[in-house]
Structures are given as C-alpha cells and as structure tokens.
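Examination of the molecular architecture
Now for the letters of each chain:
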Amino acid sequence: MAALKYAGMDDTDSEDELPPGWEERTTKDGWVYYANHEEMKTQWEHPKTGKKKRCAGDLPYGWEQETDEKGQIYYMDHINKRRTYFDPRQAFTVEDVQVKPKRYDGNTAALEILQGRDLSDKVVLITGANSGIGFETARSFALHGAHVFLACRNQTRASKAVRLITDEWHKARVEAMTLDLASLRSVQEFAEAFRAKKLPVHILVCNAAVCTQPWRLTEDGLESSFQICHLGHFYLVQLLQDVLRRSAPARVVVVSSESHRFTDLVDSCGKVDLALLSPPQKEYWSMLAYNRAKLCNILFSNELNRRLSPHGVTSNAVHPGNMMYTSIHQSWWLMTLLFTLARPFTKSMQQGAATTVYCAVAPELEGLGGMYFNNCFRCLPSLEAQNEATALSLWELSERLIRERATAPKAL
Ligand SMILES: NC(=O)c1ccc[n+]([C@@H]2O[C@H](COP(=O)([O-])OP(=O)(O)OC[C@H]3O[C@@H](n4cnc5c(N)ncnc54)[C@H](OP(=O)(O)O)[C@@H]3O)[C@@H](O)[C@H]2O)c1
C-alpha cells in the first residue's frame, strides 16, 4: 500500500490491501478511515475486513501535521524536506478492539473479580458478615482497601471475624457493629450509630439469613425467618436511604436463593398475604418460610431499584450457589446431613461470595439494577419474583408493619 511504501516498508499481499477506488486516510487525532473516490463516500471500517483501526503512536521524529489552504491535512518531513498527504503513522496502525467485560462463572472466586482493583474510596456495609458467604464477601472487599462494616448480631463472633481479616492484612479497615435483624429496635439503634459516623455507604450487602429454624416469634411479634431475612433488611435500607442517596453511585446487593422458585406469596386477590409470611405455629413449615423469605428478597430488591435508581442507587439480587457448607444448615439435622453429603461437590466460600462481589463492583453494571444473578450471570427469577404488583404489595405491607411496630426513628 502507498502508505507502507512511503514509510519505507515493503507492501505485502495482505488482507488489508484495499480494493480499487479506495484510499486509507487518518483523522487529526489518528483514527483511520476509508474514502471511496468512485462512490464519494467515507467509512470507518476497512472495506474488506470490516475492522476499525487507529494509529499506534505519534508522528516520527521531524514530522509535523499541517493544514493547507483548502483545509486538508498534510504532513511535513522537515528532515528530508518532503511534503505528503499520507499520514506516516498509517504504517503503524493497530486494530481498534473493543474491551469486552470479563466473563465470570460459577468457578470464579470473589478475589479474582477484585484483582487489581483499589477500593480504598469505598465504604461497604454487610449484614451477617461474621461467617460463611458474608464473611468471605467482607474479607474480599477489605483486602482490596475498602472500609468494611460487619453488621452482626453476636459481637464475640463479629470481633473474631474482624481479627481474622486484620491478621491477614494488618492495614485492612474492618469494623464490627451490632445489628440484630430480628429486632426493629436493634435495626434502629444500628442505623443511628452508623449515621453518627457521618460516613457514606457505597455498597450495602443484605446477606444475613436463617434457614429452617423452628417457629419463633420475634419481640416485634413476627415469625423470625421473615423478619430476619426480609423485614429487618427492609427497615435497615429505609433508615439508611438518605445516606445511600448521598453516596450515589451506590449499590445494594440482596442475597437471595434459587429456593425462591418453590413458593408464592399472594392471596386470591393478588395481594401479599401476611398470614403466609408470618404464619401461626400450627401452619409453619420451616423450609417454606425460608423459600418465602428468599422470594421477598428478590421482590424487595426489584422495588427498591425502581424507587432509588433515579437517585443513583441501584439494587440487584443474587443466588450465591447451592448448598455451600456454611452455618446455614445448623438449625435442622436433616439439612446438616444433606449439606454434608453435598459438600464435596459444592462451591467454596470464595466462589459463593463471587456473584455478590460481581454485582457490587462490575463496571458494566454501573447504573443497572432490578436484576437477578447466579454464577455472575444475569438470569430470570421465577415469574412471581418478576411480578411488579407483588413487589409493590410487599413493599406496602412492609411499610405498614414498620409503621405499626417500630417506634418513630429519628432518621425518618
Ligand atoms: N449456603 C448456601 O448454600 C446458600 C444457598 C443459597 C443462598 N444462601 C444465602 O446466602 C446468605 C449467607 O448465608 P450463609 O450460607 O453464609 O450462612 P451463614 O454462615 O449461616 O451466615 C448467615 C449470617 O447471618 C447472620 N444472622 C442470622 N440471624 C441474624 C440476625 N438476627 N441478625 C443479624 N445477623 C443474623 C448469622 O449470624 P450468626 O453467626 O450470629 O448466626 C450469619 O453471620 C443467606 O442470605 C443465605 O440465604 C446460602
């Protein structure tokens, strides 16, 4: 090609050779485009290969880009006193390859997603972070410089978790705070204590849960799995809503489960039924209560996203993986047996934390929410979980429960 010849490089019979009537040109800032003299048109793509190119470097030493009296760009080689309309940089072009987001899957570890990332400007809040997936999520963020708060009901276990992280990296900024999601009063006290720190929250992970617990009413008179998994988180987000909005762009990640698929929540009128969410003891089945609470997680995340995304706060729900050997099975011997049998085939804790971490930091998810992820991939939750009317009904019910049961918080 003419440009290569001019640059003193041999032409080759490459796929880059232009068809007759075409000419390769560059813009002032080095982007290559193609002019067709017969059809009097220009385009960015090479007419044969369809590839886009740009110049790889600056003009050679002694060369200058100038504009003639007709406004056309030309190049002066001041050393050899030559003038040409061919850009000598065309000898060294590179393909313009779009950087595609990295693909992750079920084998990806949380730390792999954070590789090379500096999170020192982020404040992260994680509920139930003293064990299992929550702990690995907290650890991963902390080892990448984030200021991480572990919101846990048991301070001894929480302090041990903090110690484990700081033993690994003495500069990790990790703090434990008391939060019992089974108590609206505790959620309120936690929110007040956190607000007093005058810190932002860039990432909020609603992770804490209990599974297959025996029937128990909380001090607020609600079935405990429902209150811990859903209502406590709902109230927490209500109380920290303005902090999240001030921290925008901020992300909420709600840890749900695939088990949300095996249940529904609405009565015959299509409204979310409190009797299903917080049933009396004789109608209680612990596995069903867990599934319903996990369905609430997705509906809550979707409605939260609808309400807060216009203010720069997005929310996504995740399934971390199947039957990972955390503490979640400990309330029922049958679950412990199943989890033990499945243990050799399930994800590690690091892999379990990956989808949450992905949703919290992936650049391609900036500004995007209302989705459900599994194995770092977007997938569709159950039809019930996608239902906007159900999400709204759950939101309104949750607001009513808070209004009736919580003492007026300073923050609202
Ligand atoms: N493991 C799995 O296979 C699996 C599968 C699907 C979804 N998930 C979801 O993953 C999330 C994490 O579970 P995990 O497997 O890591 O279980 P985990 O090890 O039992 O962690 C649950 C955390 O929640 C905390 N928690 C329980 N009740 C609380 C309360 N009233 N207030 C505050 N914190 C409370 C626990 O604290 P304590 O240590 O004090 O009990 C613990 O730190 C859950 O949302 C779960 O539904 C897990």
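The numbers attached to residues start from 1 for each chain and follow its sequence in the written order. Totals for whole chains, interfaces and linings use all residues, but because this is a predicted model, local features are given only for residues with pLDDT of at least 70 and pairs of side-chain atoms are given and counted only at 80 or more. Side-chain metrics rest on all non-hydrogen atoms present in the structure, leaving aside hydrogens and water.

By the naming in an unreviewed UniProt entry, the protein goes by WW domain-containing oxidoreductase and is assigned to Chanos chanos.

1. Concerning empty space enclosed by the protein
Every definition here rests on a 1 Å grid over the protein atoms only: cavities are sets of points where a 1.4 Å probe fits but cannot get out, pockets are open sets enclosed by protein on both sides within 12 Å along at least five of seven lines, and lining residues have some atom within 4 Å of a point. Grid points are joined across faces, edges and corners, and a volume is the space filled by probe spheres set on the points. Scanning the entire structure with this criterion turns up one cavity of 30 Å³ or more. The calculated volume of the largest cavity comes to roughly 30 Å³. Surrounding the largest cavity, E223, F226, L276, L277, A289, R292 and A293 form its lining. Of all the secondary-structure elements, those providing two or more residues to the lining of the largest cavity are α7 (274-277) and α8 (286-308). Secondary structure elements are taken from DSSP: a helix is a run of H or I of four residues or more, a strand is a run of E of two residues or more, and numbering for both begins at the N terminus. Looking at the lining of the largest cavity, the element that brings in the most residues is α8, giving three residues.

2. Describing helix α9 (residues 333-342)
Residues lying three or four places apart along an α-helix face the same way, a consequence of the helix completing one turn every 3.6 residues. Think of it in three bands: with a 1.4 Å probe and only protein chains considered, a residue is buried below 20% of the maximum accessible area for its type, exposed above 50%, and partly exposed in between. If you check which residues of α9 are buried, you get M335, F339 and A342. In a view along the axis of α9, the buried residues occupy a sector of 65 degrees, so they form one face of it. Of the exposed residues in α9, the ones pointing more than 90 degrees away from its buried face are W333 and L341. Against α8 lie the buried residues of α9. Here the arc refers to the directions that run from the helix axis out to each C-beta atom. Whether two residues are in contact is decided by their heavy atoms, any of which lying within 4.5 Å being enough.

3. So, the UniProt feature "domain: WW" (unreviewed entry) in the protein
UniProt positions are given in the numbering used here, feature names are shortened, and annotations may be inferred rather than shown by experiment. UniProt feature "domain: WW" (unreviewed entry): in the numbering of this structure it lies at residues 16-49 and 57-90. Segment residues 16-49 splits into 0% helix and 38% strand. End C-alpha atoms: 7 Å apart.

4. Side note on the site of the ligand
Any residue with a non-hydrogen atom lying within 4 Å of a molecule or strand is treated as near it. Near the ligand lie 31 residues; those nearest to it are R157, N207, Y290, M324 and T326. Throughout this description, a polar contact denotes any pair of N or O atoms lying within 3.5 Å of each other; where both atoms belong to protein, one of them has to be capable of donating a hydrogen while the other can accept it, and for residues adjacent in sequence the pair is counted only when both atoms sit in side chains. Take L181: an N or O atom from its main chain is 2.9 Å from a nitrogen atom of the ligand. Sorting the residues of the shell around the ligand by element identifies α3 (132-142) and α8 as the ones contributing at least two each. Among the residues forming the shell around the ligand, the class breakdown is 15 nonpolar, twelve polar and four charged. Residue polarity is assigned by list, with Asp, Glu, Lys and Arg as charged and Ala, Val, Leu, Ile, Met, Phe, Trp, Tyr, Cys and Pro as nonpolar; anything else, Gly included, falls into the polar class.

5. A closer look at the layout of surface pockets
To find leftover empty space, one rolls a probe the size of a water molecule over the atoms. The volume enclosed by the largest pocket comes to roughly 1100 Å³. Every residue lining the largest pocket is counted, 48 residues in all, and those nearest its centre are A209, V210, T326, S327 and I328. The set of elements that each furnish at least two residues to the lining of the largest pocket consists of α3, β10 (147-152), α8 and α9. Looking at the lining of the largest pocket, its residues break down into 24 nonpolar, 19 polar and five charged. When its volume is computed, the second largest pocket comes out at roughly 200 Å³. Around the second largest pocket, the lining residues are E23, E24, R25, T26, Y33, Q72, I73, Y75, Y85, F86, D87 and Q90. Looking at the lining of the second largest pocket, the elements that each hand over two or more residues are β1 (22-26) and β6 (73-77). The leading source of residues in the lining of the second largest pocket is β1, at four residues.

6. Points about the state of the cysteines
Pairs of cysteine sulfur atoms within 2.5 Å are identified as disulfides in what follows. Per the counting criterion, the structure on display carries zero disulfides. Considering cysteine sulfurs only, C206 is the nearest to C152, which forms no disulfide, with 14 Å between them.

7. Considerations on the sheet that holds strand β5 (residues 63-67)
Strands sit in the order β5-β6-β7 across an open sheet of three strands; the sheet is antiparallel. Strands with a single pairing partner mark the edges of an open sheet, and in this sheet they are β5 and β7 (82-84). Pairs of neighbouring strands in the sheet enclose a mean axial angle of 25 degrees, with direction left out of account. Sheet analysis places β5 next to β6, joined by five bridges and oriented antiparallel. When DSSP finds two or more bridges between a pair of strands, those strands are recorded as paired. Lines fitted to the C-alpha atoms define the axes, with helices restricted to the stretch that makes contact. Angles between their N-to-C directions range from 0 to 180 degrees.

8. So, the domain arrangement of the protein
Domain assignment breaks the protein into domain 1 (22-95) and domain 2 (110-405). Centre-to-centre separation of domain 1 and domain 2, based on C-alpha positions: 55 Å. Where each domain starts and ends comes from a domain assignment, either automatic or drawn from a database.

9. Quick look at a nonpolar patch on the surface
Within the patch definition used here, like charges are joined within 9 Å and nonpolar side chains (Val, Leu, Ile, Met, Phe, Trp, Tyr) within 5 Å, considering only residues with over 30% relative accessible area and no salt bridge. A 1.4 Å probe and the Shrake-Rupley method give the accessible areas. Residues count as covered only by the protein chains that appear here. Any carboxyl oxygen of Asp or Glu that lies within 4 Å of a side-chain nitrogen of Lys or Arg is treated as forming a salt bridge with it. Taken together, M323, W333, L334, L337, L338 and L341 make up a surface patch of nonpolar side chains, about 580 Å² in accessible area. Summarising the element assignment, L341 is placed in helix α9.

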